Amino acid sequence: MKKVLFIALAIIGFMGAAHAVTFDKSASSQPQLLQKGEQKYWCPVCGMNLKMFYKTSHAVELDDGTKKQYCSIRCLAADWPNVKSRVKRILVVDAATEKLIDAKSAFYVVGSKVKGTMSMTSKLAFATKEEAESFRKKYGGKIVDFDTAFAMAQKALAKESMMMAKRKQQRIYPMGEKIYKRMCQKVDPSAYAHINELKAALRDKGLCKPMKERQLQAVSLYLWEVVGGHAPAPTMQGCRCGKGCSKAKAKAQGCGCGAKQPARSSQKGCGCGMKKQMPAAKGCGCKMKSSCTPSKTATADLSKQDKCPVCGMFVYKHPKWAAFIYYEKDGKLRHLAFDGVKDLMKFYFEPNRWGAYGNIRDHIKKIVVRDYYTLKPIWAKRAWFVVGSDVYGPMGNELIPFSTKKAAESFMKDHRGTKLLRFDEITKEMVYKLDE
């Protein structure tokens, strides 16, 4: 088991190059940690221990005073779309003094023989050009500014994420699942906004037996990315629902009852919720039980023929935003697909404005939306909706749905939301105001 855990750490860290030399990236003394709460010890993107990878740590200070600290410039690049409009300052640890400095004034040595953190290419920062040059002479690489180093991290993000995803599928997820089942009580990852919050709860709230950092990281990744559905899209490739897809294969690919992959047309196949899901427990197969998704057919029928009746867009092109109204007609359950909650609500309030739908509202059986973070289908009338955020859907300003109030409140804080509403609190006036 110890050998497996050692391998796991290498995979989690993805510190790649075979020619890499020894260089201790951990903090030699008390590190500067800027985040609040017990989650401050870990990266909010990947869950890595910030003290262990301190000399590659980056941080941002947002315009509302919030601080986020990452294990690497790679994780800063991964989180950049969520924070870029609100960044007041970017900081990086000076690898020589271990103090946080302004990243824009730092000198980066990239491509040295030192192993990268979450990247194939190492990137370490220094406050002075002299220190950077001294490091370069010893370990190789070239000296660049922050903008160049960050552009490199952004360019490599997709490829490196795919490589990491494959390794996590093969080793980390199966190991994390085993440790979780042996050492933890049942945990709902949707109750947490970021992986570092989940990780802090596992350690400090008695949800698991005491674990080493390596075990804790494996369990956190399994819960957050597989059960919680936060795994990047590449991790779900190759996982199919139907013929030849066994439970063992599903687990090996990290595609469990909470792990999703992009929706596909499946009138004859099997669809588990809006995104395909593989059996992970009894009763959670192709014909999903209500405990796994809102219904047996919830969002399973999204096809390339589905057009939003309000805007005319093909909904399959934007599966992340898809929302559904299920209604009964001629004794059969039928559905309408929408490319966002906003258009769904426009239809809900005035169905006959968008076609000859008669008294369809009297025959609606269920309305299903998708949690913005987990992408799980949820009952619209049980969801929490954020209005006025800086996140845009296919049709601009949107009502962003969440399965929990805590997740919605966290999103509001991160994305400048103005209102938090339940389904029955949404009015026609509010919906049309989003188009202004």
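Quick caveat: nothing in here was measured; it's all calculated off a predicted structure. (Residues numbered from 1 in each chain as written. Predicted model: local features only at pLDDT ≥ 70, side-chain atom pairs only at ≥ 80, totals over all residues. Heavy atoms only, no water.)

### Regarding the overall build of the chain
A count of helices and strands for the chain gives 10 helices and 16 strands. Evaluated residue by residue, the chain yields a buried proportion of 54% over its 436 residues. A separation threshold of at least 6 residues defines the contact pool for the chain, and within that pool the share at least 24 residues apart is 65%. With an accessible surface of roughly 20,100 Å², the chain has 51% of that area assigned to carbon and sulfur atoms. (Helix = DSSP H or I, 4+ residues; strand = E, 2+ residues; numbered from the N terminus. Buried < 20%, exposed > 50% of the residue type's maximum accessible area, 1.4 Å probe, protein only. Contact = heavy atoms within 4.5 Å. Areas by Shrake-Rupley, 256 points an atom, 1.4 Å probe, with all protein chains shown as cover.)

### Looking at the confidence of the model for the chain
Detailed conclusions should not be drawn from predicted coordinates in areas where pLDDT is low. Averaged over every residue, the pLDDT of the chain is 82; the share at 70 or more is 79%. For the stretch residues 1-19, pLDDT sits under 50, and the model shows 47 contacts to residues farther than four places along the chain or on other chains. (pLDDT = per-residue confidence, 0-100.)

### Some thoughts on the packing of aromatic side chains
Scanning the entire structure with this criterion turns up 22 aromatic pairs. Pairing Phe 324 with Tyr 326 gives two aromatic rings, centres 6.0 Å apart and planes at 20°, and the pair type is stacked. Neither residue differs from the other here; Phe 324 and Tyr 326 are each classed as buried. Among the aromatic side chains, those forming a connected cluster through ring pairs are Trp 321, Tyr 372, Tyr 373, Phe 402 and Phe 411. Directly above the ring of Phe 23 sits Lys 55, whose terminal nitrogen or CZ lies 5.2 Å from the centroid. Positioned above the aromatic ring of Trp 384 is the side chain of Arg 422, whose terminal nitrogen or guanidinium carbon lies 3.8 Å from the ring centre. (Phe/Tyr/Trp six-rings, centres within 6.5 Å; stacked < 30°, edge-to-face > 60°. Lys NZ or Arg CZ within 6 Å of the ring centre and 35° of its normal.)

### Points about the packing of helix 2 (residues 73-83) against helix 4 (residues 146-183)
Remark: helix 2 packs on helix 4, axes separated minimally by 8 Å, with the N-to-C direction vectors making an angle of 85°. With respect to each other, helix 2 and helix 4 are oriented roughly perpendicular. On helix 4, the residues touching Ile 73, Arg 74, Leu 76, Ala 77, Ala 78 and Trp 80 of helix 2 are Phe 146, Ala 149, Phe 150, Ala 153, Gln 154, Leu 157, Glu 160, Ser 161 and Met 164. (Axes fitted to C-alpha atoms, helices over the stretch in contact; angles between N-to-C directions. Parallel < 35°, antiparallel > 145°, perpendicular 65-115°, else oblique.)

### Quick notes on the state of the cysteines
Under the counting rule described, the total for this entry stands at 1 disulfide. Paired through a disulfide, Cys 184 and Cys 208 show a sulfur-sulfur distance of 2.1 Å. Judged by the torsion about the S-S bond (105°), the Cys 184/Cys 208 disulfide is right-handed. Placement of the pair is Cys 184 in the loop between helix 4 and helix 5 (195-204) and Cys 208 in the loop between helix 5 and helix 6 (213-227), with a sequence separation of 24 residues. (Disulfide = S-S within 2.5 Å.)

### Brief notes about unusual backbone geometry
For residues that are not glycine, phi is negative in most cases, and the peptide bond is trans in most cases. Positive phi values are uncommon outside glycine, yet Asp 330 reaches one of about 55°. Along the polypeptide, Asp 330 turns up in the loop between strand 8 (323-329) and strand 9 (332-338). Within the chain, Leu 375 stands out as a residue other than glycine whose phi angle is a positive 65°. Taking relative accessible area as the criterion, Leu 375 reaches 14% and is therefore assigned buried.

### Remarks on the sheet that holds strand 8
On the basis of which strands lie adjacent, the open sheet formed by 4 strands has the order 9-8-10-11 and antiparallel pairing. Two strands in the sheet have a free side with no partner beyond their single neighbour: strand 9 and strand 11 (377-379). Across this sheet, the average inter-strand angle for adjacent strands is 30°, counted without regard to direction. One ladder, built from 3 bridges, connects strand 10 (residues 364-370) with strand 11; its direction is antiparallel. (Pairing = 2+ DSSP bridges.)

### With respect to helix 2
Within helix 2, 8 of the 11 residues are buried, leaving the element largely enclosed by the surrounding structure. Here helix 2 has its buried residues at Ile 73, Arg 74, Cys 75, Leu 76, Ala 77, Asp 79, Trp 80 and Val 83. Buried residues along helix 2 sit against strand 1 (58-62), strand 2 (67-70), strand 3 (87-93), strand 5 (107-110), strand 6 (123-126) and helix 4.

### As for the sheet that holds strand 15 (residues 400-402)
With antiparallel pairing, the 3 strands of this open sheet are ordered in space as 15-12-16. Every other strand in the sheet has two partners, leaving strand 15 and strand 16 (419-422) as the edge strands with one partner each. Averaged over all neighbouring strand pairs, the angle between strand axes comes to 30°, with direction disregarded. Direction of pairing for strand 12 (residues 384-387) relative to strand 16: antiparallel, over a ladder of 4 bridges. Paired with Phe 385 across the strands is Leu 421, a residue of strand 16.

### With respect to the pairing of strand 9
Across 7 bridges, strand 8 lies against strand 9 in antiparallel orientation. Following the sheet pairing, Glu 328 is matched in strand 9 by Leu 333.

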